[in-house]
Amino acid sequence: MSTVSAGLVNCPSCGAPNPANAEVCTHCSGRIAALRTELPSRLDIVLQTLGIFLFAVGFVLLLTAIYFHQSIESPIFVAGAVGLVAGILLVASGAYLRSE
Ligand SMILES: [Zn+2]
């Protein structure tokens, strides 16, 4: 008595068939849930990853600028602010793409 045959998805890592509702591969424990939305959401994942990275870099740069009492026109302050804003915009546009 198996109910697994209702729908199988192949693991993106090892290719093993898994139940359609599986979150992780029963064979290699790799993530499967991500595969289902891979095509439509690949761009927003890239955007959001980039955005979080930029945000983190901008944040660190801003903290560094503040820590060393840099003026607001100093390159490190400006770079930090730009990174922070760009990061937020990227994350927001990624979220927007995902919601469509
Ligand atoms: Zn696997």
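What you see is a predicted model, and the numbers here were worked out from it, not measured in a lab.

Trainee: What am I meant to see in the overall build of the protein here?
Mentor: Along its length, the protein carries three helices and two strands. Taken from the N to the C terminus, the helices and strands of the protein come in the order β-β-α-α-α. Across the 100 residues that make up the protein, the buried fraction comes to 24%. A separation threshold of at least 6 residues defines the contact pool for the protein, and within that pool the share at least 24 residues apart is 34%. A total accessible area of about 7100 Å² is found for the protein, and carbon and sulfur atoms account for 70% of it.

Trainee: Just to check I follow, could you spell out helix H3 (residues 75-99) for this structure?
Mentor: Because the α-helix completes a turn every 3.6 residues, residues three or four places apart line up on one side. Its 25 residues give H3 an end-to-end C-alpha distance of 36 Å, which sits within 8% of 36 Å, the value for a rise of 1.5 Å per residue. Residues Phe 77, Gly 80, Gly 83, Leu 84, Gly 87, Leu 90 and Gly 94 constitute the buried set of H3.

Trainee: Is there a simple way to think about the coordination of the zinc ion in this case?
Mentor: Put simply, the ideal angle at a metal is 109.5 degrees for four donors in tetrahedral geometry and 90 or 180 degrees for six donors in octahedral geometry. Bound to the zinc ion on the protein side are Cys 11 (SG), Cys 14 (SG), Cys 25 (SG) and Cys 28 (SG), at distances that span 2.2 to 2.3 Å. Read in sequence order, the donor residues coordinating the zinc ion give the pattern C-x2-C-x10-C-x2-C. Linking Cys 11 in the loop between strand S1 (8-10) and strand S2 (17-19) with Cys 25 in the loop between S2 and helix H1 (33-36), this pair joins segments that are 14 residues apart in sequence. When its relative accessible area of 4% is taken as the criterion, Cys 11 is described as buried. The class for Cys 25 is buried, based on a relative accessible area of 3%.

Trainee: Even after reading the chapter, I still don't get unusual backbone geometry, so can you show me in this structure?
Mentor: In most cases, non-glycine residues show a negative phi, while peptide bonds are predominantly trans. The phi torsion at Ser 29 lies on the positive side, around 65°, for a residue other than glycine. Positionally, Ser 29 belongs in the loop between S2 and H1. Owing to a relative accessible area of 58%, Ser 29 belongs among the exposed residues under this scheme. Non-glycine residue His 69 carries a positive phi angle of around 55°. Locating His 69 in the fold gives a position in the loop between helix H2 (38-67) and H3.

Trainee: Just checking my understanding: could you explain the nonpolar core for this structure?
Mentor: One broad rule of soluble globular proteins: the nonpolar side chains tend to lie buried together. Counting residues in each nonpolar core, the largest one holds six residues, listed as Val 9, Cys 11, Ala 16, Ala 22, Cys 25 and Ile 32. With residues up to four places along the chain from it excluded, the contact list for Ile 32 reads Val 9, Cys 11, Pro 12, Asn 18, Ala 22, Glu 23, Val 24 and Cys 25.

Trainee: Quick question: what am I supposed to make of the side chain of Asp 44 here?
Mentor: Along the polypeptide, Asp 44 turns up in helix H2. Residue classification places Asp 44 among the buried positions, given a relative accessible area of 1%. Every residue in contact with Asp 44, bar those within four places of it in the chain, is listed here: Gly 94, Leu 97 and Arg 98.

Rules used throughout
Residues numbered from 1 in each chain as written. Predicted model: local features only at pLDDT ≥ 70, side-chain atom pairs only at ≥ 80, totals over all residues. Heavy atoms only, no water. Helix = DSSP H or I, 4+ residues; strand = E, 2+ residues; numbered from the N terminus. Buried < 20%, exposed > 50% of the residue type's maximum accessible area, 1.4 Å probe, protein only. Contact = heavy atoms within 4.5 Å. Areas by Shrake-Rupley, 256 points an atom, 1.4 Å probe, with all protein chains shown as cover. Expected span 1.5 Å × (residues − 1). Donors = N, O, S within 2.8 Å, 3.2 Å for Na, K, Ca; no water. Core = buried A, V, L, I, M, F, W, Y, C linked by side-chain atoms within 4.5 Å.

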